[in-house]
Structures are given as C-alpha cells and as structure tokens.
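# Structure assessment
Below, each chain spelled out in residue letters.
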Amino acid sequence: MKKTIASVLGVVAVTAFMTACGPDMKVINNASERAEADATKAEASANAAEASANQAATAAAQADTAASGAEDAVRRANDAVSRLEAAFSTSVTK
C-alpha cells in the first residue's frame, strides 16, 4: 500500500517537475489532480483489501474453532460407542 502511494507521489513529482519546465500551469495542475485522485483510489483499495484480509482471518479462526468442536464431538461419540460395546459384551458373557 505504501509503495503504491509512494510510486504515485513519485510520478506526481516527476510530472510536476517536467511540466514546470513548460509555460502551461494548467497541465501541471491537471496532472497533479489526476495523480492525487489515483493515490486516493489506491489507498481506498488497499484499505478494502486489508479489511477483507481481517474478515478472512476472523472466518478462519471461527472455522478452526468449529473444527475443534467437531473433533471433540467425534471423540465423545466414539467413547460412548466403546462403552456401549463393552456393556453389551459384558451382558452377553453373563
């Protein structure tokens, strides 16, 4: 994000310097305004990407928690089956 903004600002500086050698100040102002608008858009895009990454991290954490819960449920079910099998074996052998 910072590299993009720095690059855009660098382009603005170079554009301003190159056009400053000429007599048309309107061109300089237009180029600066376009570059500033591009920098603003780039920053907004970077912020949106960061927000999406944070949402993805939250979703991954929730999925991890759910997976752990499912593993625990499977373990408990297997334990219950084992106890039932043991009880059945005991009652059959009596």
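Summary of the structure given here. As the structure is a prediction and not an experimental result, all values here were calculated from the model.

Parameters and conventions
- Counting restarts for each chain: residues are numbered from 1 in the order of the written sequence.
- Reporting of local features is limited, given that this is a predicted model, to residues whose pLDDT is at least 70; pairs of side-chain atoms are given and counted only at 80 or more, and all residues count toward the totals for whole chains, interfaces and linings.
- Heavy atoms throughout the structure, all of them, feed into the side-chain values; hydrogens and water do not.
- A helix here means a DSSP run of H or I that spans at least four residues, while a strand means a run of E at least two residues long, and both kinds are numbered starting from the N terminus.
- Here the term buried applies to any residue with accessible area under 20% of the maximum for its type, exposed to any over 50%, and partly exposed to those in between, with areas from a 1.4 Å probe on protein chains only.
- All accessible-area figures derive from a Shrake-Rupley calculation using a 1.4 Å probe, and residue coverage is judged against the displayed protein chains alone.
- The term salt bridge refers to a side-chain nitrogen of Lys or Arg lying within 4 Å of a carboxyl oxygen of Asp or Glu.
- Multiplying 1.5 Å by the residue count of a helix minus one yields the expected span of that helix.

### Observations concerning the overall build of the chain
If you tally the helices and strands in the chain, you get 2 helices and 0 strands. Buried residues in the chain amount to 11% of all 94 residues. Counting every atom, the chain has about 7300 Å² of accessible surface; 62% of that belongs to carbon and sulfur.

### Quick notes on the pattern of salt bridges
In this structure the tally under the stated criterion is 1 salt bridge. Note that Arg75 is salt-bridged to Asp72, the shortest N-O span being 2.5 Å. Placement of both Arg75 and Asp72 in helix H2 (residues 25-93) is noted, with a separation of 3 residues, approximately one turn of the helix. Here Arg75 falls in the partly exposed class, since its relative accessible area comes to 46%. Judged by its relative accessible area of 33%, Asp72 falls in the partly exposed class.

### Notes on H2
Helical periodicity: at 3.6 residues per turn, an α-helix aligns residues three or four positions apart in one direction. Taking 1.5 Å of rise per residue, the 69 residues of H2 would be expected to cover 102 Å, and the 101 Å separating its terminal C-alpha atoms lies within 8% of that figure. The set of residues buried in H2 consists of Ile28, Ala31, Ala35, Ala39, Ala42 and Ala46.

Geometric values such as these leave the question of function open.
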